[in-house]
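# Chain and residue survey
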Amino acid sequence: MQTPTINISELFVTPVDTKMPTTFYSEISNTGQGKAEDFEVMIDFGESTVEKCEWTPSSLATLKDMEELSIRLLQVSSLNKDTSLYVICSMNLPYFKKMSVGGGNISIQKSINYDAYKEMRSGEEVSFYTGLWRTILIGFCGLFFFKLVGILFD
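This text gives an overview of the structure that appears in the document. (Residues numbered from 1 in each chain as written. Predicted model: local features only at pLDDT ≥ 70, side-chain atom pairs only at ≥ 80, totals over all residues. Heavy atoms only, no water.)

Another aspect to go through is the pairing of strand S7 (residues 84-91). On any regular strand, side chains alternate: one points to one face of the sheet, the next to the other face. S7 sits mainly inside the fold: six of its eight residues count as buried. By the bridge criterion, eight bridges tie strand S2 (residues 22-30) to S7 in an arrangement that is antiparallel. Residue pairing in the sheet places Tyr25 in a bridge with Ile88 of S7. As judged from the six bridges shared by strand S4 (residues 50-56) and S7, these two strands associate in the antiparallel manner. Paired with Cys53 across the strands is Cys89, a residue of S7. (Buried < 20%, exposed > 50% of the residue type's maximum accessible area, 1.4 Å probe, protein only. Helix = DSSP H or I, 4+ residues; strand = E, 2+ residues; numbered from the N terminus. Pairing = 2+ DSSP bridges.)

Next up, the structure:
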């Protein structure tokens, strides 16, 4: 059985708040070997007010009604391998709370929140443990260097 792999390939939010509406853009792609079927794309815009959303190809998804005004839930009927669904929304603030993709025949749910998005955009992808490991390694190298210099000059 060929399995689909759904990824949030691209994500962009207009970085500054202006008088014009802010743009939220995302690309959801199927990079797996099989067709993804009956999955959902959920975007929680948090405090942002969504003015309008559209997606292309429009025939692939339908908007599910939600009581929560800041959440958009798209039901995607199918997404063939090596194809993408593009979601574009206009809103009043350059912020979203969380975006997730899952359900249907997708085995692994993908999600990203605003903080992770900001880190991704600024290139700061070093986790806490990676930073800690680097600090310890640099400390040991410095200690070794000072010991070596002490031995050479004694």
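Moving on, we come to the packing of aromatic side chains. This model, assessed by the stated rule, comprises seven aromatic pairs. Ring plane angle 80° and centroid distance 5.3 Å describe the contact between Phe24 and Phe45, whose orientation is recorded as edge-to-face. One end of the pair, Phe24, is in strand S2; the other, Phe45, is in the loop between strand S3 (36-44) and S4, and 21 residues separate them in sequence. A relative accessible area of 0% places Phe24 in the buried class. Centroid distance Phe96 to Tyr114: 5.7 Å. Interplanar angle 85°. Geometry classified as edge-to-face. Placement of Phe96 in the loop between S7 and strand S8 (98-102) and of Tyr114 in helix H1 (residues 114-122) is noted, with a sequence separation of 18 residues between them. When its relative accessible area of 17% is taken as the criterion, Tyr114 is described as buried. Ring-pair connections join several aromatic residues into one group, and the members of that group are Phe24, Phe45, Tyr95, Phe96, Tyr114 and Tyr117. (Phe/Tyr/Trp six-rings, centres within 6.5 Å; stacked < 30°, edge-to-face > 60°.)

Our focus in this paragraph is a nonpolar patch on the surface. A contiguous nonpolar patch, built from Ile136, Phe140 and Leu143 and spanning about 310 Å² of accessible area, is present on the exposed surface. Within the secondary structure, Phe140 sits in helix H2 (residues 128-152). The exposure class of Phe140 is exposed, given its relative accessible area of 57%. (Patch = residues over 30% accessible without salt bridge, like charges linked within 9 Å, V, L, I, M, F, W, Y side chains within 5 Å. Areas by Shrake-Rupley, 256 points an atom, 1.4 Å probe, with all protein chains shown as cover. Salt bridge = Lys/Arg side-chain N within 4 Å of Asp/Glu carboxyl O.)

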